[in-house]
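Listed here are the chains, written in short residue letters.
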Amino acid sequence: MGWLNNIVPSARTRYRKNFLMLTSTIAFLMPLYPRVVPMLIALLVINWLVGSDFRGAFRQLQENSQKRKLLLFPLFYLLYVAGLSYSENFGYAFFDLEVKLSLLLFPLIFIFSPWPLFLKDEWETPLKAFVAGCLTSSVVFLVRATVEYVLEPDHEAFLYSRLSWYIHPSYLSMYYNLAIFVIYFAIASGGGDLLTRKYLLLFFAALFLMWMILLLTSKAGLITLVVLWLGLPFLWWLNTGWRRMMPVLLITIVIFLITGSFLAPLIFDRFAEIDTMMEKDRKERVETNSTGDRLVAWAASAELIRENPWFGVGTGDVKDALVEKYRSGNAIPALKNRLNAHNQYLQTTVTLGVAGLSVLLLMLVLPAIYALRRQKWIYLFFLVIFSLNMLVESMLEVQAGVVFYAFFNMLFLADEKKGDWSPNPLSGQH
């Protein structure tokens, strides 16, 4: 039976190689060409069904406390399945479950796969691919905007949805914020002189992505970037290794503010919308405006939560319930666009009630505590970034948000080491 012992390790090696290749490709294409990501997820599922040792995975589940932590995340999806039992619009319900399917698939794949999934430094590879995808997408967007500007001069070609024409600016800004922190971490965790070519390239890569966030003029993206900056001193306090980041951060902020001042009027105009819309009476909020639409959606969601506090309106009926509130409130733009709640906490509570909101909060708070205790700073900042963006977008109602959360949440939990990489995740030197 010696030949069998040789086949099993070979199969596991092949499974891990396929897994690493597919996860890295998903990470690279997520900010660049998300349309093919579902096909890659399907290939990941096929690789899992064909190559995983389920009997061994079940044994690992009993013995490995890290794997058992992952069981919380399929529960959230199953609550949406349970929401079918008191829904009437099954067409929308099944569509919603399809969009959210990654919330179930990624935990199952990671739980019932042979661990460790990543050997040595392989865990870094998907994050490197993600940063590369963010930088590549930035170049693609800028080249297209330049061509559009040459053909028909209009500076709007470099701003907001005209720049990011096939990915919503809020989601793209969220991706770029995570990539910026990964780059910051690469600089902080590396040794040697910060003035070397390697670190200068990383420095300008982070600055370049910050400029892109500025051009995307996503309010959530800009606020998240500021929070990211304010959070770094917290790491300096916890870990002396991050103190070398202080001059880098200060230089980055100064250059960013100086160069960004040229676009300041456009940015201020977008933020000024908030004050303007807050001063208007709710009945006057009929003009199409992202901030005004959010205020209308939040108010409608709050009404529905008061009417259905415990279990919500059901997985299939959430869209219809919101639309009916828009109609009764004469919110024409929100009604015309059939807007969701534009806040994932409200969206989940409207759909599943307090039970759904409780599980959603546990999915954020418990991993944050784990990340803090294990000194997994990238995981912690990922959770902060996603939590902030859920305040102004229903991130788990579209594929761009679902895949981002489900993929990286599992990826960070799959790394069992205490602390993040050492010394430098993007340098290739260890």
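Everything here concerns the structure above.
Calculation rules
- Every chain begins its residue count from 1, and numbering advances along the sequence as written.
- Whole-chain, interface and lining totals are the exception, using all residues; otherwise, since this is a predicted model, local features are given only for residues with pLDDT of at least 70 and side-chain atom pairs are given and counted only at 80 or more.
- Values reported for side chains reflect all heavy atoms of the structure, with hydrogen atoms and water molecules removed beforehand.
- Put simply, a salt bridge is a Lys or Arg side-chain nitrogen that is within 4 Å of an Asp or Glu carboxyl oxygen.
- Secondary structure is summarised from DSSP: a helix means a run of H or I of at least four residues, a strand means a run of E of at least two, and numbering begins at the N terminus for each.
- Partly exposed residues are those whose accessible area sits between 20% and 50% of the maximum for their type, while under 20% is buried and over 50% is exposed, using a 1.4 Å probe and protein chains only.
- Between rings of Phe, Tyr and Trp, where Trp is taken as its six-membered ring, a pair exists when centres lie within 6.5 Å; planes separated by under 30 degrees are stacked, by over 60 edge-to-face, and by other angles tilted.
- In this description, contact between two residues means that some pair of their heavy atoms is separated by no more than 4.5 Å.

(A) Up close: the pattern of salt bridges. Taken as a whole and assessed by the stated rule, the structure comprises 11 salt bridges. For Glu307, the salt bridge is made with Lys325, and the minimal N-O distance between the two is 2.6 Å. Linking Glu307 in helix 15 (residues 290-307) with Lys325 in helix 16 (residues 318-328), this pair joins segments that are 18 residues apart in sequence. A relative accessible area of 15% places Lys325 in the buried class. Ionic pairing is found between Arg338 and Asp320, a salt bridge with its closest N-O pair at 3.6 Å. Linking Arg338 in the loop between helix 17 (332-337) and helix 18 (344-373) with Asp320 in helix 16, this pair joins segments that are 18 residues apart in sequence. Through salt bridges with shared partners, a single ionic network connects Arg144, Glu148, Asp154 and Arg162.

(B) Structural context of the packing of aromatic side chains. Under the criterion given, the structure shown has 33 aromatic pairs. Aromatic pair Phe141 and Trp165: ring centres 5.4 Å apart, planes at 90 degrees, arrangement edge-to-face. You can see Phe141 sitting in helix 8 (residues 124-151) and its partner Trp165 sitting in the loop between helix 9 (160-163) and helix 10 (169-189), a full 24 residues away along the chain. Take Phe141: its relative accessible area is 0%, and that puts it in the buried class.

(C) Fine view of the side chain of Ser394. Tracing the backbone shows Ser394 in the loop between helix 19 (377-389) and helix 20 (399-414). Judged by relative accessible area, which is 1%, Ser394 ranks as buried. The residues touching Ser394, leaving out its near neighbours within four places in the chain, are Tyr171, Asn340, Ala341, His342, Asn343, Gln344 and Gln347.

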